[in-house]
Amino acid sequence: MKKLTNSEREVLDLLWDVGEPLTSSEMVKMCVDRTWKPSYIHIMIKSLLDKEMIKMAGFKKTTKNYARIFEPTMTREQWSLQQVKQEKRDSGELLKEMLVSILQEETDEKILDELSKAITKRKTELHNAS
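Quick caveat: nothing in here was measured; it's all calculated off a predicted structure. (Residues numbered from 1 in each chain as written. Predicted model: local features only at pLDDT ≥ 70, side-chain atom pairs only at ≥ 80, totals over all residues. Heavy atoms only, no water.)

(A) Just the environment of T63, in detail. Structurally, T63 is set in the loop between β1 (54-62) and β2 (65-72). Overall, the relative accessible area of 73% leaves T63 in the exposed class. Each C-alpha atom of the pair T63 and L112 lies 50 Å from the other, and the pair is 49 residues apart in sequence. (Helix = DSSP H or I, 4+ residues; strand = E, 2+ residues; numbered from the N terminus. Buried < 20%, exposed > 50% of the residue type's maximum accessible area, 1.4 Å probe, protein only.)

(B) Just the side chain of E8, in detail. For E8, the position within the fold is in helix α1 (residues 6-18). A polar atom in the side chain of E8 sits 2.8 Å from the backbone nitrogen of T5. E8 has contacts with K3, M44, S47, L48 and K51, leaving out every residue within four places of it along the chain. (Polar contact = N/O pair within 3.5 Å; in protein donor to acceptor, adjacent residues only side chain to side chain. Contact = heavy atoms within 4.5 Å.)

(C) Summary view of the packing of α1 against helix α3 (residues 38-50). Two elements in contact, α1 and α3, have axes separated by 10 Å at closest approach and are oriented at 85 degrees. Accordingly, the angle class assigned to the pair α1 and α3 is roughly perpendicular. Note on element contacts: α3 touches α1 through Y40, I41, M44, S47 and L48, opposite S7, E8, V11 and L12. Of the residues that constitute the contact of α1 with α3, the class distribution is 6 nonpolar, 2 polar and 1 charged. (Axes fitted to C-alpha atoms, helices over the stretch in contact; angles between N-to-C directions. Parallel < 35°, antiparallel > 145°, perpendicular 65-115°, else oblique. Nonpolar A, V, L, I, M, F, W, Y, C, P; charged D, E, K, R; others polar.)

(D) Molecular detail of the environment of I54. Tracing the backbone shows I54 in strand β1. With relative accessibility at 2%, the residue I54 sits in the buried group. Linking I54 and P21, residues 33 residues apart in sequence, is a C-alpha distance of 9.8 Å. Those residues in contact with I54 that sit more than four places away from it in its chain are L12, L15, I45, L48, L49, F70, E71, P72 and T73.

(E) Here's a closer look at the pattern of salt bridges. By the definition in use, this model includes 8 salt bridges. Put simply, R9 and D13 hold a salt bridge, and the shortest N to O gap is 3.1 Å. Here R9 and its partner D13 are both found in helix α1, 4 residues apart, which amounts to about one turn of the helix. With relative accessibility at 29%, the residue R9 sits in the partly exposed group. The salt bridge partner of D50 is K46, with a shortest N-O separation of 3.0 Å. Placement of both D50 and K46 in helix α3 is noted, with a separation of 4 residues, approximately one turn of the helix. Residues participating in the shared-partner salt-bridge network are R9, D13, D17 and R76. (Salt bridge = Lys/Arg side-chain N within 4 Å of Asp/Glu carboxyl O.)

(F) Examining a negative patch on the surface more closely. A surface patch of negative charge is lined by D108, E109, D113 and E114. Positionally, E114 belongs in helix α6 (residues 109-129). Relative accessible area serves as the criterion here: at 48%, E114 is assigned to the partly exposed category. (Patch = residues over 30% accessible without salt bridge, like charges linked within 9 Å, V, L, I, M, F, W, Y side chains within 5 Å. Areas by Shrake-Rupley, 256 points an atom, 1.4 Å probe, with all protein chains shown as cover. Lys, Arg positive; Asp, Glu negative; His and termini not counted. Charge placed at Lys NZ, Arg CZ, Asp CG, Glu CD.)

Right under this line is the structure:
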C-alpha cells in the first residue's frame, strides 16, 4: 500500500465524513480550514486516483456543465485495517497490542461477545487445518 501525504489523507477523510461522492469544487468548498486552490485539489485527486485510493463515481450537473465525482475505494475501517496489516509485517506484536487495548477499553458486552466468537471460530479453523 502506498503512503499518503497529509493533504491526501485530509481529502480521504472528507470523503469518508461526507459519505457521498463529491466534485473537486465541492471538496474545495468543504475544506474551509484549508486554502486549497482548485489546481491543488486536482493534483491531489490525480495522485489519489494513481494510488487507487479514490475512483470516479460518475458525473454531477453543476450549473451548465457536468463535473466528475469521486469516492474512496475503501472504507475508513478497511484503510485502518490495511495500515495495521502493513505494520504487522514489521512488528508481530502490533496486532496483539491493538487487540488487547481494544478489549481493555471496550464496554459493550455485545461487541466483546462477537470478538470472542470470532476468536474461537478462528482457533477452530486453525486446529482443523492442522
